[in-house]
Amino acid sequence: MPRVLHTAQALVDVILEIDELPPRGGNANARSERWYAGGAVTTLIAASRTGAVAVHGGAHGTGPHGDLIREALARDGVLLSDEIHGEADTGYCTVLLEPSAERTFLTVYGAERQITAESLATLDPQPGDLVCVSGYSLFEPTRDPLLEFLDSLPEGVDVVLDPGDPFASFPPAIQRRVLSRTTVWTSNADEARALTDLDDLEDTPEAIRRRLSPGAVVVVRDGDRGCLVFHHGRGTQIPAFPQTAVDTNGAGDTHTGVMLAERALGADWESAATRANAAAAIAVTRHGTESAPTRAEVDAFLS
């Protein structure tokens, strides 16, 4: 069975619930503080809970942050391909969560940035595997090792790009190099519009598809309106399952993990996206980044 492999950073999310963001130079009091394993962990846990083999190829540090990450992955049977780096702890991201479920991020780097092309190669991607790439890995110092690794992939390996907010701001040469190797694009609506400069969301998948490798698939999420799936020259709107959100952190990564796992298990793109929509709907009703449902929970929700 094809595997879901992830190259991006796993780091700790420190979630602070606040009433509203303070003005610049101001002050705010947090109503609660929670620590979760985040970053690539959310996608990998979602894939594993769906039934796929999931492997993390990113770097791991020592210390309490690294321990928290590895414990979270181990609970759901996610494998590690690389050895632990002993020089530093894993980094963390402070997430300021407002009552509207809107999030603001502050990230501190750590050992998760200490990758090389050789360390990523421990994933040993094989034809049929789905290799996840994050736009946040295209900052230095992880950019060059990641690009070198992508250039070394054998034919038949699917490269799944989650561009994140920064991708549209990267130099055109970097964009072209990554997009030419990408066979699956999965993003939210804002990220799709930012890359294409198109206001009409329905036009973005085809515009993105033209910049990807032949036969690529484009998936664009649009919140409670579901997602668009575009492949073989045809776009399909996959309806959502709107819920009252308490925390949207990790919903997109949950969607990606479930969708890719369903593909690894043999589902077509439309069926995979339907189940991913359901999983994301469940996830936003739960706090934290480890909120992905199990396969049985998705079955019960859809029934």
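Residues numbered from 1 in each chain as written. Predicted model: local features only at pLDDT ≥ 70, side-chain atom pairs only at ≥ 80, totals over all residues. Heavy atoms only, no water.

Undergrad: With reference to specific residues and values, describe the overall build of the protein chain.
TA: When helices and strands are counted, the protein chain shows 10 helices and 15 strands. Rg of the C-alpha trace for the protein chain: 18 Å, near the compact-globule value of 19 Å for 303 residues, within the 12% margin. By principal-axis analysis of the C-alpha atoms, the protein chain measures approximately 50 × 40 × 40 Å. The 303 residues of the protein chain split such that 55% are buried. Of the side chains in the protein chain, 24 bear a positive and 44 a negative charge, and the two mean positions are spaced by 3 Å. (Helix = DSSP H or I, 4+ residues; strand = E, 2+ residues; numbered from the N terminus. Rg over C-alpha atoms; globule rule 2.2 N^0.38 Å. Buried < 20%, exposed > 50% of the residue type's maximum accessible area, 1.4 Å probe, protein only. Lys, Arg positive; Asp, Glu negative; His and termini not counted. Charge placed at Lys NZ, Arg CZ, Asp CG, Glu CD.)

Undergrad: Talk me through unusual backbone geometry; I want residue IDs and the actual numbers.
TA: Of note, the amide linkage connecting Glu140 to Pro141 takes the cis form, showing an omega dihedral of 10°. Looking at where Pro141 falls in the secondary structure, it is placed in the loop between β10 (130–134) and α4 (143–151). For Asp197, which is not glycine, the phi torsion reads 60° and is therefore positive. Here Asp197 shows up in the loop between α6 (189–196) and α7 (204–209).

Undergrad: Lay out the sheet that holds β10 with the relevant residues and their values.
TA: Taken in spatial order, the 9 strands of this open sheet run β6-β4-β1-β10-β11-β12-β13-β14-β15, and their pairing is mixed. The open sheet has two edge strands with one neighbour each: β6 (79–80) and β15 (234–238). Where strand β1 (residues 4–6) lies against β10, 3 bridges are found, and the strand directions are parallel. Note on β10: the bridge partner recorded for Val4 is Leu130. Helix α1 (residues 40–50) rests against β1 and β4 (54–56) of the sheet, and its axis sits at about 160° to β4. Each of β11 (158–162), β12 (184–188) and β13 (217–221) is contacted by α6, which is oriented at about 110° to β12, the strand it contacts most. (Pairing = 2+ DSSP bridges. Contact = heavy atoms within 4.5 Å. Axes fitted to C-alpha atoms, helices over the stretch in contact; angles between N-to-C directions.)

Undergrad: Please give an account of the packing of α1 against helix α8 (residues 251–264) that cites residues and values.
TA: In the contact formed by α1 and α8, the axes pass within 7 Å of each other and the chain directions differ by 40°. With respect to α8, the axis of α1 lies oblique. Between α1 and α8 the crossing geometry is right-handed. Along the contact surface, α1 presents Thr42, Thr43, Ala46, Ala47 and Thr50, while α8 presents Asp253, Thr254, Thr256, Gly257, Val258, Ala261 and Glu262. (Parallel < 35°, antiparallel > 145°, perpendicular 65-115°, else oblique. Left-handed = near helix turned anticlockwise from the far one by under 90°.)

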